[in-house]
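Below, each chain spelled out in residue letters.
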Amino acid sequence: MHIPAAQLPGTSKLYSTYLNDFERVREFFNVDYRSLEPLQAHAQHVARRDYPRAAVAEVLLRQNQSWGAGEQVRSNIAALAQPGSVAIVTGQQVGMFGGPLFTLYKALTCLKLAANLQARLQREVVPVFWLAADDDDLAEIDHLLLMTRDNNLMSFSCLRDAEQRRPAAQVHLTEDIANCHHVLADTIVDSEFKAEILATLAQAYAAGRSLPDAFALWLNYLLGDFGLVMLNPADSELRQLARRIFLPEIMQASPSTKAALQTSARLEQAGYEVQVPLRPGRFNLFYVDSARHALEQKEGRCVSTDGQFEFSSQELQQRVQATPQQFSPNVILRPVLQDFLLPNIAYIAGPGEISYFAQLRGVYESFGVMMPAIFPRKSLTLLEAKVKRVMEKYDLSLREFWTRPEDLVTRVARQEAPEGLFEPVAAARDMLGGRLDELKQRAVALDPTLAGFIDKERGKIFHQLEIIENKLLQASKRQNETLQQQIMKAAHALFPQQRLQEREFNLVPFLCKYGKEVVRQIFNEMELQNFDHQVIEL
């Protein structure tokens, strides 16, 4: 089952155009993602360019071995070190317990595209997952939404050792993580797979471990056999390499902002909203101590926007040379750094990312880095058998659940109400409407000033009929509590908190119910070249 992406709730104009009419936005992107030929030509260009392959591979091997990498991952790292190999890259914030489902879907899209292209390009294509360890939006990644045993939704957060915004790489799990594991165990229904899954999760997400390390250990358990290579960009050795990008950003007074502003203006002229707001004079680089500090030019100086730090351009350059680990890129410069380090031919991007990549072609060009193809990540809904039965019972499609669940219950209750229940009300409305029209016509002929009075009283009469109809509907709903429970359960499963399932739910409950093999099922059934929303039945 597929649903056109343009019909998904919250789909932006640019994303819809990107999928359905790419030529209209072609000028903002470097490679046509839709067919093999442009990707093949781009791969040849990337393979011929110089990359710090050996240095990056050395870091990758050290990092991935610490996360339990198996033979397939180590083999892919070795391949990446060799000239001529290329990469498919994706990345995401290091969300609690692996983050929302779409994080997994990005990784699986990356893996499947790499496997498909390797067979066709006849060269090594390595899948790489970029851990967003520099991100400091902790409130977005520290919580989990679960369906309880009685089919209600429950959200909870896991406390950290950070009370302020800090890069995820600096944040460690506290002893409170044990409480999170207990809540998870108490909430998820018992099954043959539950004990193993939760034990492995607890080993990864243990007190004292950093968020990126916990995330990487868990993702390696899920996808290590597929050969997914992970990269933590906060590594000090990678920061040494990053000076090649950081220094020009300072020395040339943010060529990234200048280029992105020009492209953003063209996007707006073409009728698209700009995803990332930009300000002239702002660097796309953070200064990092215990927190990230945005930098800008002000009266010939380089200052942090919070007023805590001030440098001359020369002083800032010296700091980058001496301690590059004290700097990190923002959303504009991060992709350029990524593709400076890795021979990337395609980045797997979600809808929001595709929108901000549209601002970046000139940024890549200003740093002499090749912009990859931007390949849409697969968008999915997992449909369990019990939910499918509810949909079939009431003849409902997935799209019909993309609304307020209370409204859907009301509509279905009306459909399922005893035959003829509302007919007398409808008949009374029609009869009274006709009679009142006749009355108004005669009254106005006698005294035109009576028109307003009759319209007002007409409104009162019809309001009373509406009250009667709602009372009948509520009584019908009370008589059919099973209907309410079933619709609400299905709504929570398919559109939790009125958002797409992939953006709210975590994989762990599905793993506990269906086992680790559910990951392989999703991988096998996802259709890469169909960019519509896909439903996978479990």
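See the structure printed just above.
The paragraphs below set out a description of the structure included in this document. All of these numbers come straight from a predicted model, not from anything done at the bench.

When you go through the chain residue by residue, the secondary structure sums to 22 helices and 15 strands. Taken over the C-alpha atoms alone, the chain extends approximately 90 × 60 × 50 Å along its principal axes. Counting every position in the chain, which comprises 538 residues, the buried fraction comes to 53%. Accessible surface for the chain amounts to roughly 23,700 Å². Of this, 48% is attributable to carbon and sulfur atoms. Side-chain charges in the chain split into 58 positive and 65 negative, and the spacing between the mean points of these groups amounts to 2 Å.

Right, let's get into the sheet that holds strand E12 (residues 344-349). As summarised here, the arrangement of the five strands in space is E6-E3-E2-E12-E13, forming an open sheet in which the pairing is parallel. The open sheet has two edge strands, strand E6 (229-231) and strand E13 (373-376), and neither has a second partner. Between one strand and the next, the sheet's axes are offset by a mean angle of 30 degrees, whatever the strand orientation. Examined bridge by bridge, strand E2 (residues 86-92) and strand E3 (residues 125-131) share seven bridges and lie parallel to one another. From the neighbouring strand, Val-86 faces E3, where its bridge partner is Val-125. On top of the sheet, helix H8 (residues 211-223) reaches E3 and E6; it is set at about 145 degrees to E3, its chief contact.

Here Thr-200 is to be found in helix H7 (residues 194-204). Excluding its chain neighbours within four sequence positions, the residues that come into contact with Thr-200 are Trp-218 and Tyr-221.

Our focus in this paragraph is the pairing of strand E7 (residues 282-288). Where burial is concerned, most of E7 is hidden: six out of the seven residues are buried. Where E7 meets strand E8 (residues 292-298), four bridges bridge the pair, whose relative direction is antiparallel. The residue bridging Tyr-287 from the neighbouring strand is His-293, located in E8. Hairpin connection from E7 to E8: three residues lie between these consecutive antiparallel strands. Here E7 pairs with strand E11 (residues 327-329) via three bridges, running antiparallel. Within E11, the position partnered with Phe-286 by the bridge is Ser-328.

What follows covers the state of the cysteines. What the rule picks out here adds up to one disulfide. With no disulfide partner, Cys-512 has as its closest neighbouring cysteine sulfur the one in Cys-158, 15 Å distant.

Bringing the packing of helix H9 (residues 236-251) against helix H11 (residues 313-322) into the picture now. Orientation of H9 relative to H11, taken along the N-to-C sense of each, is 175 degrees, at an axis distance of 10 Å. In this view, H9 runs roughly antiparallel relative to H11, as classed from their interaxial angle. Mapping the contact onto sequence places Arg-243, Phe-246, Leu-247, Ile-250 and Met-251 in H9 and Ser-313, Leu-316, Gln-317, Val-320 and Gln-321 in H11.

Analysis parameters
- Numbering of residues starts from 1 in every chain and runs along the sequence as written.
- Only residues with pLDDT of at least 70 get local features here, since the model is predicted, and only at 80 or more are side-chain atom pairs given and counted; chain-wide, interface and lining totals rely on the full set of residues.
- Only hydrogens and water are set aside; all other atoms, that is, all heavy atoms of the structure, feed into the side-chain values.
- Every helix listed is a DSSP run of H or I at least four residues long, and every strand listed is a run of E at least two residues long, numbered separately from the N terminus.
- With a 1.4 Å probe rolled over the protein chains alone, any residue whose accessible area is under 20% of its type maximum counts as buried; one over 50% counts as exposed, and the rest are partly exposed.
- In this description, accessible areas are obtained by the Shrake-Rupley approach with a 1.4 Å probe, and a residue is regarded as covered only by the protein chains that are shown.
- Positive charges are assigned to Lys and Arg, negative charges to Asp and Glu, while His and the chain termini are left out of the count.
- A charged residue contributes its charge at one atom only: NZ of Lys, CZ of Arg, CG of Asp or CD of Glu.
- We call two strands paired when DSSP finds no fewer than two bridges between them.
- Lines fitted to C-alpha atoms define the axes here, with helix axes fitted over just the stretch in contact, and angles between the N-to-C directions of these axes take values from 0 to 180 degrees.
- We call two residues contacting when some pair of their heavy atoms lies within 4.5 Å.
- Disulfide: a pair of cysteine sulfur atoms within 2.5 Å of each other.
- An angle below 35 degrees is treated as roughly parallel, one above 145 as roughly antiparallel, one from 65 to 115 as roughly perpendicular, and anything else as oblique.

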